[in-house]
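Chain and residue survey
Below are the chains, spelled out letter by letter.
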Amino acid sequence: MGVEAHATNERVTGRRWTVRLDPVGRGRADVRVSCSRPACAAQVLPSAADGRTAAIAHLKAHLRAGPAPRPSVQCACRAEECHTHIRPAGPRERPVPWRCGGAVVLAVITDREGRWWQVLECCSRCAAAHPTAKVVATAQAAEAPARADGFRADAPAPATPGGPAATTPTFSAVSPHFSHSATAAATGTAVPQQASGPRSSAPRSAPRSARPTRKRPPRGRIAQRLVPHDLRPVALRDELTELGELFRAYQARTEPDLAVLADLHARKAEAFNAWAEVTADTGLRLDARRAEQAAATARLQHLHRIGQAPDGEGPAVVRLLTAPAQWNHARAVLAHVAENAPLPGAEARLLVLMVTLRTAQSGVGNLVGQDIKGLPLQDPEHLVGQLVESGWLGISGTVEELIASRPESPTRISVPSLTPDEDDPGPFTFGRKLRPKLSGWAQRVVGEKKLRKGKTGADVRLLALALATGADGEGRLGPGGEGIGLDALASWCAVDPGDLPVLVDRLTAADWLAEADVSGTLLTGRLTERVLPLGCPLT
């Protein structure tokens, strides 16, 4: 009893070392490979792939050159009170304070991203408790001593107290493979022989504690579904597990990448279709169809962001207003102003439009003098006074104060007809975030550089707004490029139809229109490529 206690107290802690792959610095591609063993110097590699190859080669060199696992050592993880230790499998196995069970093994533990590899000299049950552990070598169990009934054992006599505790363990001749579980043959697990005697000389099976611990592969999870560990083919199971990890990694990103997301959804659709073929699950087919739609949407959004056409044949137009809903809201504002302008004339129509866009959401907003003086108005002070007198516009202060106000002290304005209440939510349905986008779009069109340099009037700029919202995606005027009615354009610009040819010539001179033709009751032509980003295509 005293000898056993002394042996337990004198047990040596198992070996443990780590090989790491770390970035050298932020924004750099090179990586540093380091080993926790004192004699190993760190090395810098030009890329993560090269560093991972060097780290694995370094670890394999240690495993080939180092000694095999020792059957009597204390678990390396047990020394740090590892929480993965498990109870004995049966009542006949008595736990010992230095090991929870099984033969001593040399195990390699790695993270899923391939950033570090750790070698542990521990018992087989501790290795089995780690989900990523790969056993690369197993120590032989101590051989049986001579029997008390006089028969000799097959193995040599037990070691004396001063001699070694066990025979020299074997070591695997096969290099470690980090993507495959080690087998008993590859790891060099020894099976002790039963003592010979009169009853039987056949070898008996290894004791329960010496058998390799079987562990079920970890189950993957994707789209709130668990991937069955027995799903076949194995390639499909691995693909689903990997996709789940990639989706979770994408959700942890700080910046979106729609191209990556589209590829993930496309892989998910293909994998779910294959899964549905194997299991005949209708729900999986529906999930695959939704993944295909998500992939197409993400890819289209990515192409819009980088300015390419959906078919990949050429650059697309990067528009100021990017979505069909925004284009329709812009047309709705123009139509509302045309029907509800309180004063006649093109200048009043233009001023009412800009004030409407400033107050469209809540009926109130801010205005400064430059917002009004930047418009092509002959007498802006008089025109603002007329709007105030008509009751359509309300301002805090006088008209002179409004014209003189600066950005640091804007004037509060209100439009009662746009103020929502319980009975009337207002004429517009867009949200607060879209209102400044629409207002900025109208200012960009009205204040376009060549229109300003050409000193065009309010009627020409109203026509530019109408054509920007009345062309298709390629800039052709009217639905299908068939043209826009002259009566509708004249009504919006608040001019006579006979004055439209002059306005069209002014827009052509400002490089807004090309191939313009006023004939009969239609204006045909197309917007120039220069102004296509300002357009709201017809859908």
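Calculation criteria
Residue positions are given per chain, counting from 1 as you read along its sequence in written order. Only residues with pLDDT of 70 or above have their local features reported here, since the model is predicted, and side-chain atom pairs are shown and tallied only from 80 upward, although totals for entire chains, interfaces and linings are computed over all residues. With hydrogens and water set aside, each side-chain value is computed from the structure's full complement of heavy atoms. Each helix corresponds to a stretch of at least 4 residues labelled H or I by DSSP, and each strand to a stretch of at least 2 residues labelled E; elements are numbered beginning at the N terminus. Partly exposed describes any residue whose relative accessible area lies between the buried limit of under 20% and the exposed limit of over 50%, with all areas from a 1.4 Å probe on protein chains only and scaled to the type maximum. Here, residues are in contact when the closest pair of their heavy atoms is within 4.5 Å. Methods summary: accessible areas were calculated by the Shrake-Rupley approach with a probe of 1.4 Å, and residue burial reflects only the protein chains presented. Two strands are counted as paired when DSSP detects at least two bridges linking them. As used here, the term nonpolar core means buried Ala, Val, Leu, Ile, Met, Phe, Trp, Tyr and Cys residues forming a set that is joined through side-chain atoms within 4.5 Å. Only the six-membered ring of Trp is used, alongside the rings of Phe and Tyr, when aromatic pairs are assigned; centres must lie within 6.5 Å, and planes under 30 degrees apart are stacked while those over 60 apart are edge-to-face, with the rest tilted. In this analysis the charged atom, NZ for Lys or CZ for Arg, is taken to sit over a ring once it is within 6 Å of the ring centre and within 35 degrees of the ring normal. Counted as salt bridges are all cases of a side-chain nitrogen of Lys or Arg within 4 Å of a carboxyl oxygen of Asp or Glu. In this analysis, the expected span of each helix is defined as 1.5 Å times one less than the number of residues it contains. In protein, a polar contact means a hydrogen-donor-capable atom and an acceptor-capable atom, both N or O and within 3.5 Å, with residues adjacent in sequence counting only if both atoms are side-chain atoms; elsewhere, any N or O pair within 3.5 Å suffices. The predictor reports its confidence for every residue as pLDDT, a score running from 0 up to 100. Residues qualify for a patch when their relative accessible area is over 30% and they have no salt bridge, like charges being joined within 9 Å and the nonpolar side chains of Val, Leu, Ile, Met, Phe, Trp and Tyr within 5 Å. Positive charge is attributed to Lys and Arg, negative charge to Asp and Glu, and no charge count is given to His or to the chain ends. Charged groups are reduced to one reference atom each: NZ for lysine, CZ for arginine, CG for aspartic acid, CD for glutamic acid. Each axis is a line fitted through C-alpha atoms, and for a helix only the stretch in contact is used; angles between axes span 0 to 180 degrees, taken between their N-to-C directions.

**Thoughts on the overall build of the protein chain**
Of regular secondary structure, the protein chain possesses 17 helices and 14 strands. A buried classification covers 39% of the 539 residues belonging to the protein chain. Considering only intrachain contacts with a sequence separation of at least 6, the fraction spanning at least 24 residues in the protein chain is 62%. Accessible area of the protein chain: about 30100 Å², with a carbon and sulfur share of 52%.

**What to know about the side chain of His336**
Residue position: His336 is located in helix α8 (residues 324-340). A residue is classified by how much of its surface remains accessible, and His336, at 19% relative accessible area, is buried. With residues up to four places along the chain from it excluded, the contact list for His336 reads Leu418, Pro427 and Phe428.

**Quick notes on the sheet that holds strand β11 (residues 411-414)**
The three strands are arranged β9-β11-β10 in an open sheet whose pairing can be described as antiparallel. Strands at the two margins of the open sheet, each flanked by one partner only, are β9 (364-367) and β10 (394-395). Sheet analysis places β10 next to β11, joined by two bridges and oriented antiparallel. Each residue of the ladder has a partner; that of Ile395, found in β11, is Ile413.

**Observations regarding the pairing of strand β4 (residues 104-110)**
Consecutive residues of a regular strand have side chains that alternate between opposite faces of the sheet. Most of β4 is tucked away: seven of the seven residues are buried. Of the two faces of β4, the one holding Val104, Leu106, Val108 and Thr110 and the one holding Val105, Ala107 and Ile109 are both buried throughout. Here β4 pairs with strand β5 (residues 116-123) via seven bridges, running antiparallel. Residue pairing in the sheet places Val104 in a bridge with Cys123 of β5. Remark: five residues form the turn of the hairpin made by β4 and β5, two consecutive strands paired antiparallel; Gly114 in that turn has positive phi of roughly 70°. Strand direction decides the pairing type here: β4 and strand β6 (residues 134-138), joined by four bridges, are antiparallel. Residue pairing for β6: Val105 is matched across the bridge by Thr138.

**Details of the nonpolar core**
Counting residues in hydrophobic clusters, the biggest one holds 73 residues, and the most contacted among them are Leu467 and Trp512. Those residues within four positions of Leu467 in sequence are excluded, and the remaining contacts are Leu477, Ile484, Leu489, Leu507, Leu513, Leu523 and Leu527. Ile222, Leu236, Tyr250 and Trp275 belong to the second largest nonpolar core, which has 19 residues in total.

**Concerning the packing of aromatic side chains**
Applying the stated criterion across every chain yields a total of two aromatic pairs. Here Phe272 and Trp275 contribute two aromatic rings whose centre-to-centre distance is 5.6 Å and whose plane-to-plane angle is 80°, an arrangement assigned as edge-to-face. With Phe272 and Trp275 both in helix α6 (residues 258-279), this residue pair falls three residues apart, about one helical turn. Trp275 carries the same exposure label as Phe272, and that label is buried. Their ring planes at 25° and their centres at 5.5 Å tell us that Phe428 and Phe430 sit as a pair that is stacked. Pair check on accessibility: Phe428 and Phe430 agree, each one buried. Sitting over the face of the ring of Trp17, Arg37 holds its NZ or CZ atom 4.6 Å from the ring centroid. In this structure, Lys268 is placed above the aromatic ring of Phe272, and the distance from its NZ or CZ to the ring centre is 5.5 Å.

**What about the pattern of salt bridges?**
Considering all chains together, one arrives at 21 salt bridges under this definition. One salt bridge connects Asp111 with Arg115, and the closest N-O pair in it is separated by 2.9 Å. Overall, the relative accessible area of 10% leaves Asp111 in the buried class. A salt bridge links Lys450 to Asp511, with the nearest nitrogen and oxygen atoms 3.9 Å apart. Of the two residues, Lys450 is situated in helix α14 (residues 449-453) and Asp511 in the loop between α17 (500-509) and β13 (513-519); the sequence distance between them amounts to 61 residues.

**Side note on helix α2 (residues 48-65)**
End to end, α2 covers 26 Å across 18 residues, agreeing with the expected 26 Å (1.5 Å per residue, within 8%). Among the residues of α2, those classed as buried are Gly51, Ala54, Ala55, Leu59, His62 and Leu63. If you follow the buried residues of α2, they end up packed against β1 (16-23), β2 (31-35), β3 (43-45), β4, β5 and β6.

**A short note on α6**
The first and last C-alpha atoms of α6 sit 31 Å apart over 22 residues, in line with the 32 Å expected at 1.5 Å per residue. Within α6 the residues assigned to the buried category are Leu258, Leu261, Ala262, Leu264, His265, Lys268, Ala269, Ala271, Phe272, Trp275 and Ala276. The residue sitting at the N-terminus of α6 and contributing the capping side-chain oxygen is Asp257; that oxygen lies 3.2 Å from the backbone nitrogen of Ala259.

**Focus: the confidence of the model for the protein chain**
In this model, the protein chain carries a mean pLDDT of 79, and residues with pLDDT of at least 70 account for 76%. Per-residue pLDDT, averaged within each element of the protein chain, yields its smallest value for helix α4 (residues 184-187) (38) and its largest for helix α15 (residues 458-468) (94). Low confidence marks residues 1-9, where pLDDT is under 50. Its contacts with residues over four positions away, or in another chain, come to two contacts. A low-confidence stretch, residues 143-203 stays under pLDDT 50, and its non-local contacts, those more than four residues away or across chains, total 82 contacts.

**Considering a negative patch on the surface**
A cluster of acidic side chains, namely Asp379, Glu381, Glu400 and Glu401, defines a negative patch on the protein surface. The residue Glu401 is located in helix α12 (residues 399-404) in this model.

**Digging into the environment of Leu418**
Along the chain, Leu418 turns up in the loop between β11 and α13 (434-446). The exposure class assigned to Leu418 is buried, which follows from its relative accessible area of 2%. Considering only alpha carbons, one finds Leu418 and Ser362, 56 residues apart in sequence, at a separation of 6.9 Å. Sequence-distant contacts of Leu418, that is, excluding residues within four places in its chain, are made with His336, Thr356, Thr359, Ala360, Ser362, Gly363, Pro427 and Phe428.

**Let's talk about the sheet that holds β1**
The sheet built from six strands is open, its strands ordered β3-β2-β1-β5-β4-β6 with antiparallel pairing. In the strand order of this sheet, the two ends are held by β3 and β6, each with one partner. On average, adjacent strands in this sheet sit at an angle of 20° to one another, irrespective of strand direction. Sheet analysis places β1 next to β2, joined by five bridges and oriented antiparallel. From the neighbouring strand, Val19 faces β2, where its bridge partner is Cys35. Across the sheet, α2 touches β1, β2, β3, β4, β5 and β6, and the angle it forms with β1 is around 170°.

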